[in-house]
Structures are given as C-alpha cells and as structure tokens.
Amino acid sequence: MEDLDKLKSDLSALIVGAADLAGLEAARIEALGRNGRITQLLKGLGQMDAEARREAGQKFNVLKNEIGAALDARKAQLEDSTIDARLAAEKIDITLPPRSQRSGRIHPISQTMDEVIAIFGEMGFTVAEGPDIEEDWYNFTALNIPPEHPARQNHDTFYLDAEKNGAPLLLRTHTSPVQIRTMQNTKPPLRIIAPGRTYRCDHDATHSPMFHQVEGLVIDEATHMGHLKGCLVDFCRAFFGIDDLPVRFRPSYFPFTEPSAEVDIGCSFAGGTLTIGAGEGWLEILGSGMVNPKVLENCGIDSTKYQGFAFGMGIERIAMLKYGIPDLRTFYESDVRWLNHYGFAALDVPSLVGRARP
Ligand code: PHE
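Residues numbered from 1 in each chain as written. Predicted model: local features only at pLDDT ≥ 70, side-chain atom pairs only at ≥ 80, totals over all residues. Heavy atoms only, no water.

1. Examining unusual backbone geometry
Then, in step 1: With an omega of 5°, the peptide bond running from Pro188 to Pro189 counts as cis.
Then, in step 2: If you trace the backbone, Pro189 turns up in the loop between α8 (177–185) and β6 (190–199).
Then, in step 3: Look at the link from Glu258 to Pro259: it is a cis peptide, with omega at -5°.
Then, in step 4: Structurally, Pro259 is set in strand β9 (residues 257–268).
Then, in step 5: We note that Asn165 has phi near 50°; this positive angle belongs to a residue other than glycine.
Then, in step 6: With respect to the element layout, Asn165 can be found in the loop between β4 (159–164) and β5 (167–171).
Then, in step 7: In this model, Ser334 sits at a positive phi of 50°, which is unusual for a non-glycine residue.
Then, in step 8: Checked against the element boundaries, Ser334 lands in the loop between α11 (315–323) and α12 (336–342).
Then, in step 9: We classify Ser334 as exposed; its relative accessible area is 69%. (Helix = DSSP H or I, 4+ residues; strand = E, 2+ residues; numbered from the N terminus. Buried < 20%, exposed > 50% of the residue type's maximum accessible area, 1.4 Å probe, protein only.)

2. Focus: helix α9 (residues 225–240)
Then, in step 1: With 16 residues, α9 ought to run about 22 Å at 1.5 Å a step, and its terminal C-alpha atoms sit 23 Å apart, in line with that.
Then, in step 2: Among the residues of α9, Leu228, Cys231, Leu232, Val233, Phe235, Cys236, Ala238, Phe239 and Phe240 are the ones counted as buried.
Then, in step 3: One or two positions beyond α9, positive phi appears at Gly241, with a value near 70°. (Expected span 1.5 Å × (residues − 1).)

3. Regarding the pairing of β5
Then, in step 1: Within β5, four of the five residues are buried, which leaves the element mostly enclosed by the surrounding structure.
Then, in step 2: With two bridges joining them, strand β3 (residues 133–134) and β5 adopt antiparallel strand pairing. The residue of β5 that forms the bridge with Ile133 is Leu171.
Then, in step 3: In this sheet, β5 lies alongside β4 in antiparallel orientation, the contact comprising three bridges. Within the sheet, the bridge partner assigned to Tyr159 lies in β5 and is Leu170.
Then, in step 4: Between the end of β4 and the start of β5, which pair antiparallel, lie two residues, with Asn165 showing a positive phi angle near 50°. (Pairing = 2+ DSSP bridges.)

Here it is as structure tokens:
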C-alpha cells in the first residue's frame, strides 16, 4: 500500500503549485478523478478483509477530506487573485491632473460677419453670394463703370490671364457685382446682403490685397432715401451697441448710385485714443446711395417702376473699430497668440447689440 504521508505531501504540493484554475482542475483529477490516486485507494478497499478495510477506510477518508479541503482553499485563493489582478489593471488614478483641453477661437472677421448678418437678418434681409472670380461686366460695366471711366483706375484690379465674353476675368474689387447678379436672377422686391472676399492690389497698415465687404441691396416700388438713412442708422447703432451713436450722411459719388452718400459715425480722438460714440470727430465706415436707374436698366428692371438703395462696407474696418484691433495686416498672419487675444469663444451667439468681450 502506498505511503499515505508521501501521497498527501505530493498532492498538496500539486495543489499549492497550481498557478491558475486550469492547473488546479488538473490536480483535482490527479487526486480525486475517476482514475485519481485517492480514488484508486478507495477502490482497493473491496479486496481487503473487514478488519483492514475499516482501518484503511478511515485513513483514506481522512486523506480524501484533507485533499478536498486543500483544493477548495486553493480555488478560493486563485479566484481572489484573479479579481485582484483585474482591479489593479482597471484602476483609474483620479489624483492625476487632467490634460488641459485647447479650444479654438472664432476669427474676428467671421465673428463680425456673423454679427452683421444677424443685424440685417432681423431687418428681413437674406444672404446672397457671387463668385470671387468675376467678369468685367458684373464688376464694372453693368455698375455704370464703362471701360473709359476714371473709377476703374482707382480699383487697382487684379486681372487674370483668361478672358470671358471678350474681356479679361478679374478678382472682384468689391461685392457690388452681387447686386447685378441678384437683380438679373430675382424679380423685385429684393432685400439682400452679400458678404464675401474682395481683392485690390494694395498693401499697407490699412489695406490688404484680400479683404472682406458686405454689400446691401433693397429694391421695390416705394423705397426712398429716408429708408436708406433709417436702415443704416439702425445698423450702425446696433453693431456698435450705442443707442445714441451719432451717424452722419455726407454727399459722395459712386457711379452705381445717385445720389450717393458716405456714412460716418461720431467719435473722439482725445488724448490719442479713439472712443466711438463720443466727441467731435467723425469716422467713415461705409458707402451708400440710391441705385442708379442706369444700373436697374442694365439688369432689365424698369427704372420708372422700381427704385431702391445699396450700400457697401469693409468688414475689417468695422471689426478694427469695434474691437480695437490696430493693424489690418495682423488679421491674416495666422498668429495663434493674436487669435487667442482677439478671437471669440466658439459658442458665443452673435447678439444684435454690442457685446462684452469674452
Ligand atoms: N462698392 C463700393 C466700394 O467698394 C461701396 C458701395 C456699395 C457704395 C454700394 C455704394 C453702394 O467702395
């Protein structure tokens, strides 16, 4: 008969040495499986006489119970350590400082465009668009600027190396060609604004070869100069957020409007600082006028029946004035520090009145 002490220590070593539950199951089969070592012992009892069987039977059962208890204990241990390992692996160190989140900023040009669109949107204007690459006829001729007209020289036009309808294509020098495209494509009454890029061959602290304008056009049967004035005074006051902002209409000349007026807002330059809405000074911010009947006729609109007004303003200029940005060229330098300083938080909704800087 086997040495029970040796058998017990062999099986105990197997159980304690099991590295995982599969190893432990192998140890259980070795000891108590159908052909296990202890099972074999118990089967042998049948061949013994009654006296020896009782004695051996007791010892074998003690051994069987001890090994069973050792298996249970090791199983509990292995299960605990599996859970411990998972807990360790899935631990989140909540004492770690969070990674800082960088948020982008809205460029002052986009912000200002959105504000202008919101204000005119409230007045019932819709947004119209036209191409940056324009034909001579839309940019000049239809706007009553024929080839020999001196205004052409003032526009410092970028011409392209391509022609259409017998004239070179160009980068539009203002958003006014959108007036023509709109009047050709839509029957009056009309009430649109056209924000977009414009181009002139010019570069210094107040001029950039690419800049932005917003055009406005109202056409119907009864609109007169009083509507032009009311609309633009309301716009200036809403945009700068100053209810009693002084607004002045100064006679001017544009080939496509008659009469024409430039619009100035009141300001002070006292002590070298510009304050909008106070003092004796004036700053020009936009051009306007009643649409020239020749322009209406160029677009196939009966000028004895329809009339209206148009205006155009530089976005950079009004952004610089509203937000105190000193140099036009910085708008296009893509300097993140500049954008962090002058930019706007992404979720700010443009409001109709002057808004606090975030
Ligand atoms: N297009 C003119 C400019 O660029 C502005 C303007 C638009 C003036 C509409 C009158 C009417 O200066």
